[in-house]
Amino acid sequence: MNILILGATSAIARVTALEFAAQGHNLYLASRDSDELARITTDLSSRFPINVQYGQFDAEDFTAHAAFLLRVIAAMEKLDGVLLAFGDMKDAQPVEIINRNLTGAISILGYCSEYFIAQKSGFIIGISSVAGDRGRRKNKIYGAAKAGLSTYLQALRNELFFHGIRVITIKPGFVDTPMTYGLKGMFCVAKPEYVGKRIVASINKLSDIVYLPWFWRYIMLIIKWMPEWLFKRVRW
Amino acid sequence: MPTLTTPLASFNQSTTQNCNVVRPERYRELLDIVKKPVIARGLGGSYGDAALNIDGQVVLMERLNRVLEFDRINGVITAEAGISLADILAVIVPAGWFLPVTPGTQYVTLGGCIAADVHGKNHHRTGSFEQHVLWLDVVIHDGEIIRCSSTQNSDLFWATIAGMGLTGIIGSASIKLIPLESAYMSVKHLATNNLQQTIIYLTDELQDDQYSVAWVDTASENNKFGRSIIMTAHHATLEELAPEQKSKPLKLFKQQQITIPYNCPGWLLNKKVIQLYNNYYYRTQSHKEKFLSHYQDYFYPLDKIKHWPRLYGKRGFIQYQCVLPHNVALASIQTILDHLQKNNYSPFLTVLKQFGKASNTPLSFPMPGLTLAMDIPIKDNKLFSLLDEIDEIVVQNEGRIYLAKDARLTPARFQIMYPRYVEWLAIKKKWDPKNNFSSSLARRLGI
């Protein structure tokens, strides 16, 4: 299959790309950092006999998204799936975080959906977060962006189901990436390699919403169940 | 760059120190990291304090592991220094290439192999890692990346190889590979009856092969003392393979791994157990004369047991490795082993190897002679004074000990063992005038 990875320089995307490549899938890597994309591209094509290409993509540059997708399709001839892996919460103003994590995602996935609908096949995997399941005081903007993304992916799934296109929402808990490195209060931190393997495996499974590792589903279940009058009193 | 203050341990768990650890994900991030005093750390395979920096900055290289170029025709691989040998092998073996030199584990990084100038079971034929490095990119103290090789910035090149990370951070490297017909090894075992015979056979050219090593039973006593299994091997040719192997000669296997989840009780590897195990091993292995073995099983048997140092209990063990010149090898190795036995210390695992020519690098460990490596469980603190006495025996016999496995050598003995350190220090001062790259090992040895 030919798969487009958006945000390919993130820690989770990189291991997921390795896993896709190990299974023989061709990849198109996209992110803002083209130096790093070039390094990852050589890494993947040296390790596995696959076709890997890359191109610059800026989630916040909405007007360029349509042309970007056309370039990807021209380069790969055909696209079978998209992994949306960009998103961060550091070094940015609230509006930028929303623009990048939510508006940018909706914009590019909109064009991808149109392409898959016309093609009558394809899949979309979106990496959201458990942070979107309930708003915490320390994580307002990122949490709001991910809540929006989860809801958007859900709506998209309902729409694309009738076109035979799968939409999978990935909700990682704490993963050992730069986002969590060195932070206090982390527990059960998963290895990115594990998360990458599970993301690739999710294509062949039935779940629409995948918590990684699996036990986060139950942790979040309890957190979502807490009544608001109690939740607001807990300092987390 | 987020920093995590956490205790880091040596591989054998006997040295643990608090360090401020950073972990870059992208190569470019190294350029900022070197602006503060730092030492690089690969996969933590060093048995000493080489990759520790007490209360100082340590940079974990493990995520800088991209392959930057693989020339399948000429057998050259270029990669970021944090790549593991396991990852390199997974790329090169299916294409018919192999590492020119490999230590006894594949879970070490390329940068670590260069910084410690590691050797393998083929040192007597192919030398140490140094001889196969085509060039290095070293990130020096001001964030500049310096390309160096034997012809370009050669002083930095020779001081960085075996330089224990003290000249700068090895960012990426290019190494020359050796061609391979199959992923299998043709192995021969030869049992000897005592130490003298072991050394004679180990250094005998007629018995020799591409790789050779002696596993020594130091738990046996009297006239059997030092009896060994000498294991020689070469990369099997297609003709040597069984028919079912011939169809896929370069096949990789996923190595089965078991994990030691917790520290075992310290009394587990006591003298009796060590004796029984060594006796059992000698008996079972001496019957195997010639057989084929996959390279993973031949080179990396201990990689099958994840966290194997935990077998030695909470106090851990010391891996003591020294090299002794040929003319005094038998007598001095005998003295060292006797000294341990007399004091009621049994190494669990003892290995002897032959070294060939020394390399060009001022701080390189190998020199012509025999190298003795022993895993000794730490029963009590008496072991450390005993090892100081053994250091003295090594010094008197003009040998030296391996810095990658050391956490206790004194500066005075270091200077005698490594006489070219003065030359090295001058180059280090030229490229690192503010002594930005320092480790616990460097401060202990005064370099």
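Residues numbered from 1 in each chain as written. Chains lettered and ligands numbered in written order. Predicted model: local features only at pLDDT ≥ 70, side-chain atom pairs only at ≥ 80, totals over all residues. Heavy atoms only, no water.

Would you take a moment to explain the interface of chain A and chain B for this structure?
It is common to give the size of an interface as the accessible area that goes away when the parts come together. Chain A puts 20 residues into the contact, and the matching count from chain B is 21 residues. Taking both partners together, chain A and chain B bury about 1800 Å²; carbon and sulfur atoms supply 42% of that area. One salt bridge in this structure joins Arg 66 of chain B and Glu 36 of chain A, with 2.8 Å as the shortest N-O distance. One can count 13 residue pairs in polar contact (both at pLDDT 80 or more) joining chain A with chain B. Residue assignment for the side of chain A that touches chain B shows that the elements contributing at least two residues are helix H1 (11–22) and helix H2 (34–47) of chain A. (Contact = heavy atoms within 4.5 Å. Buried area = accessible area lost by both parts, 1.4 Å probe. Salt bridge = Lys/Arg side-chain N within 4 Å of Asp/Glu carboxyl O. Polar contact = N/O pair within 3.5 Å; in protein donor to acceptor, adjacent residues only side chain to side chain. Helix = DSSP H or I, 4+ residues; strand = E, 2+ residues; numbered from the N terminus.)

Explanation requested: the sheet that holds strand E1 (residues 4–9) of chain B in the structure shown.
In sheet architecture, strand pairing relies on hydrogen bonds along the backbone and comes in two forms, parallel and antiparallel. Residue and element names in this part refer to chain B. One open sheet holds the four strands; their spatial order is E1-E2-E4-E3, and the pairing between them is mixed. What marks the edges here is a single partner per strand, and that holds for E1 and strand E3 (38–41). When strand polarity is set aside, the average angle formed by the axes of neighbouring strands in this sheet is 45°. Note: E1 against strand E2 (residues 16–22), six bridges, orientation antiparallel. By the bridge assignment for E2, Leu 4 is matched with Val 21. (Pairing = 2+ DSSP bridges. Axes fitted to C-alpha atoms, helices over the stretch in contact; angles between N-to-C directions.)

Before we go on, may I ask you to explain the nonpolar core in this structure?
General note: in soluble globular proteins, nonpolar side chains tend to be found buried as a group. Membership of the largest hydrophobic core comes to 125 residues, with the highest contact counts inside it found for Ile 92, Leu 136, Tyr 320 and Ile 333 of chain B. In terms of residue count, the dominant contributor to this core is helix H11 (residues 382–396) of chain B (seven residues). Setting aside its immediate chain neighbours within four residues, Ile 333 of chain B contacts Leu 195, Ile 199, Leu 324, Leu 352, Leu 370 and Leu 372 of chain B. In this structure, Met 76, Leu 79, Tyr 152 and Leu 153 of chain A belong to the second largest nonpolar core, which totals 31 residues. (Core = buried A, V, L, I, M, F, W, Y, C linked by side-chain atoms within 4.5 Å. Buried < 20%, exposed > 50% of the residue type's maximum accessible area, 1.4 Å probe, protein only.)

What am I meant to see in the pattern of salt bridges here?
Should the charged atoms of two oppositely charged side chains come close, the side chains can pair. Enumeration according to the criterion identifies 33 salt bridges over all chains in this entry. As a salt-bridge pair, Asp 176 of chain A and Arg 23 of chain B come within 2.9 Å of each other at their nearest N and O atoms. On the criterion of chain membership, the pair formed by Asp 176 of chain A in the loop between strand E6 (166–172) and helix H6 (192–202) and Arg 23 of chain B in the loop between E2 and helix H1 (30–33) is interchain, its members lying in two chains. Take Asp 176 of chain A: its relative accessible area is 17%, and that puts it in the buried class. Residue Arg 23 of chain B is classed as buried on the basis of its relative accessible area of 6%. With a closest N to O distance of 3.0 Å, Arg 444 of chain B and Asp 406 of chain B form a salt bridge. Residue Arg 444 of chain B is found in helix H14 (residues 440–445), and its partner Asp 406 of chain B is found in the loop between strand E21 (400–401) and helix H12 (411–417); the two are separated by 38 residues along the sequence. The pair Arg 444 of chain B / Asp 406 of chain B is uniform in exposure class, with both members buried.

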